[in-house]
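# Remarks on the overall topology
Here is how the chains run, residue by residue.
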Amino acid sequence: MDKVLKQCLGIDVSKLSLSLSLGFLTDKLAKEFLVHNDVTNDLSGYKELLKWMKESVDRSTDLLIVMESTGVYHQGIAHYLYELGYSVSVMQSGRVKRYAQSLDQRSKTDALDSKMLSMLGLERELRLWSSPSVELQQLKMLSRERSSLLKDKTIETNRQGAIVSGVYRDKSASKRHKQRLKLLKDQIVSIEEEMRELISKNEFLKKKLGLLESIPGISFISAATVVGETLGFESIANAKQLTSYAGYDVVLRESGNFKGKTRISKKGNSHIRAALHMPSMTCVRCNPTLKQFYNRLKPNKAKPLVALIAVQRKLLILMFTLWKNEEIYDADFEKKKQQKHKALAAQDNKLINQYVS
């Protein structure tokens, strides 16, 4: 093999197995690949992978390991390799899919996907993944459990309403429904208490969530859910990436004379969108900045919900900005920004007039 400039291991993860492809970029800008039989997605498979890596990796060049985020199935191998000191990049499925489409690859198998991930690592500069804290992982687990219980509560509430409204009423069935509904309510309260206790014991998270709660309309549960789902915005580099991750990115469908509807993709984290629905309705009433934004958009939209979704998107970006910059919400920020721009424009006009005269 020629001199290796870069090497990348692509791992296609499934529930039971890992498909492997080790790619090399040589000094002649050619790509060469080594493949290995699939290994099991457990500790024995990880050890077999490690043994193959030690035999096949070029020790003179840094190794990058790329895998796709697949729910929870990638977490085991990602944490295992990260703790051993390897550079790991966990890619969002949307970015991987768009790259795969650019290759004009008609077939789709685990082996081809692992090779595609290896090629992606060789061609692009990827953001490295770091293991989130135990508290953030626990917060995400609790928020997911709460979300699931809220859906069950809605189902049981609807069933209870149907039983009460029916002509024939079964007292035993109604009693059991009430008991299940009470159990769900008690469990939701218990989970919320666990979330508060978890945050109160971590000074860093307590301070950070305090910044998000400074936004009028954002409650502790809403802030904790967004932070848990994004793992503290750990893998988010900018606002555009965040809106795509949450499914708030706008999709346009136009071709020639055809003008399709403009809507959000919804190809993202639905838990974040659900968590921001009620806060956005509160913000358009009590948040001075977002209220003005909503009133400006609403007359131009066919449905008020469209303007409300725009508020959710802006609210999410605002939470991300406060988290990253460690700032308290300032209701007069936009006004100060406009005044600053006007002052700079007046200063520029003054300099221009002095130069002309």
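The notes below deal with the structure included here. Every value quoted in this text rests on a predicted model; they were computed, and no experiment measured them.

## Considering the packing of helix 3 (residues 93-102) against helix 4 (residues 110-123)
- The interhelical angle for the contact between helix 3 and helix 4, taken along N-to-C directions, is 95 degrees, at an axis separation of 11 Å. One way to sum up the angle between helix 3 and helix 4 is to call them roughly perpendicular. Of the residues in helix 4, those touching helix 3 at Val96, Tyr99 and Ala100 are Met116, Leu117, Met119, Leu120 and Glu123.
- For the contact of helix 3 with helix 4, the class distribution of residues is 7 nonpolar, no polar and 1 charged.

## Description of helix 4
- If you check helix 4, its first and last C-alpha atoms are 20 Å apart, about what 14 residues at 1.5 Å a residue would give, namely 20 Å.
- Asp113, Ser114, Met116, Leu117, Ser118, Met119, Leu120, Gly121 and Leu122 are the residues of helix 4 that are buried.
- In this fold, the buried residues of helix 4 make contact with strand 1 (4-13), strand 2 (17-26), strand 3 (31-40), strand 4 (63-68), strand 5 (87-91) and helix 3.

## Thoughts on the layout of surface pockets
- Of the voids in this model, the largest pocket is the one considered here, and its volume is about 1,600 Å³.
- The wall of the largest pocket is formed by 47 residues, among which Ser69, Met91, Gln92, Ser93 and Tyr245 lie closest to the centre.
- It is helix 3 that contributes the most residues to the lining of the largest pocket, 6 residues altogether.
- Split into classes, the residues belonging to the lining of the largest pocket amount to 12 nonpolar, 21 polar and 14 charged.
- If you trace the second largest pocket, you find 34 residues lining it, with Leu297, Val306, Ile309, Ala310 and Arg313 closest to the centre.
- Among the elements of the structure, strand 9 (263-264), helix 11 (288-297), helix 12 (304-325) and helix 13 (333-356) are those that each provide at least two residues to the lining of the second largest pocket.
- Per-element accounting of the lining of the second largest pocket gives the leading share, 11 residues, to helix 12.

## Points about the packing of helix 9 (residues 239-246) against helix 12
- Two numbers describe how helix 9 lies on helix 12: the axes approach to 10 Å, and their chain directions differ by 125 degrees. On the basis of their axis angle, the class for helix 9 and helix 12 is oblique. When the axes of helix 9 and helix 12 are compared, the crossing they make is right-handed. On the side of helix 9, the interface is formed by Ala239, Leu242, Thr243 and Ala246, while helix 12 contributes Arg313, Leu316, Ile317 and Phe320.

## Some points on the pairing of strand 1
- Counted residue by residue, strand 1 has 9 buried out of 10 residues, so it is predominantly covered.
- Taken together, the 9 bridges between strand 1 and strand 2 define a ladder with antiparallel strand orientation. Residue Gly10 lies in a different strand from strand 2, and its bridge partner there is Ser21.
- Taking the residues that link successive antiparallel strands as the turn, the strand 1-strand 2 hairpin has 3 residues.
- Both strand 1 and strand 4 contribute to a ladder of 5 bridges, which runs parallel. When the bridges of strand 4 are listed, Leu9 appears paired with Ile65.

## Remarks on the packing of aromatic side chains
- Enumeration according to the criterion identifies 5 aromatic pairs in this entry.
- Taking the centre distance of 5.5 Å and the plane angle of 75 degrees together, the rings of Tyr82 and Trp129 count as edge-to-face. With a gap of 47 residues between them, Tyr82 in helix 2 (residues 75-83) and Trp129 in the loop between helix 4 and helix 5 (134-165) connect regions that are remote in the sequence.
- Under the relative-accessibility criterion, Trp129 is labelled buried at 13%.
- Looking at Lys314, its charged tip hangs above the ring of Phe293, at a distance of 5.0 Å from the centre.

The rules behind the values
- Residue numbers restart at each chain and count upward from 1, following the sequence in its written direction.
- In view of the model being predicted, local features appear only for residues whose pLDDT reaches at least 70, and side-chain atom pairs are presented and counted only at 80 or more, with totals across whole chains, interfaces and linings using the full set of residues.
- Hydrogens and water are ignored here; the side-chain numbers use all heavy atoms of the structure.
- With axes taken as lines fitted to C-alpha atoms, and helix axes fitted only over the stretch in contact, angles between N-to-C directions fall between 0 and 180 degrees.
- Each helix is a run of DSSP H or I of at least 4 residues and each strand a run of E of at least 2, with the numbering of both proceeding from the N terminus.
- Any angle that falls under 35 degrees is termed roughly parallel, while one over 145 is termed roughly antiparallel, one within 65 to 115 roughly perpendicular, and all others oblique.
- Two residues form a contact once any of their heavy atoms are found within 4.5 Å.
- The residue classification treats Ala, Val, Leu, Ile, Met, Phe, Trp, Tyr, Cys and Pro as nonpolar and Asp, Glu, Lys and Arg as charged. All others, Gly included, are polar.
- Take the residue count of a helix, subtract one, and multiply by 1.5 Å to get its expected span.
- Exposed residues in this analysis have more than 50% of their type's maximum accessible area, buried residues have under 20%, and partly exposed residues fall in between, with area computed by a 1.4 Å probe over protein chains only.
- Here the term cavity refers to a set of points on a 1 Å grid, laid over the protein atoms alone, in which a 1.4 Å probe fits but cannot get out; the term pocket refers to an open set having protein on both sides within 12 Å along at least five of seven lines, with lining residues being those that place an atom within 4 Å of a point.
- Grid points are joined across faces, edges and corners, and a volume is the space filled by probe spheres set on the points.
- In a left-handed crossing the near helix is turned counterclockwise from the far helix by less than a right angle, and in a right-handed crossing that turn is clockwise.
- One requirement defines pairing of two strands: DSSP has to find at least two bridges between them.
- The rule is short: rings of Phe, Tyr and Trp, with Trp giving its six-membered ring, pair when the centres are within 6.5 Å, and they are stacked under 30 degrees, edge-to-face over 60, tilted in between.
- Should the NZ of a Lys or the CZ of an Arg lie within 6 Å of a ring centre and within 35 degrees of the ring normal, that charge is described as sitting over the ring.

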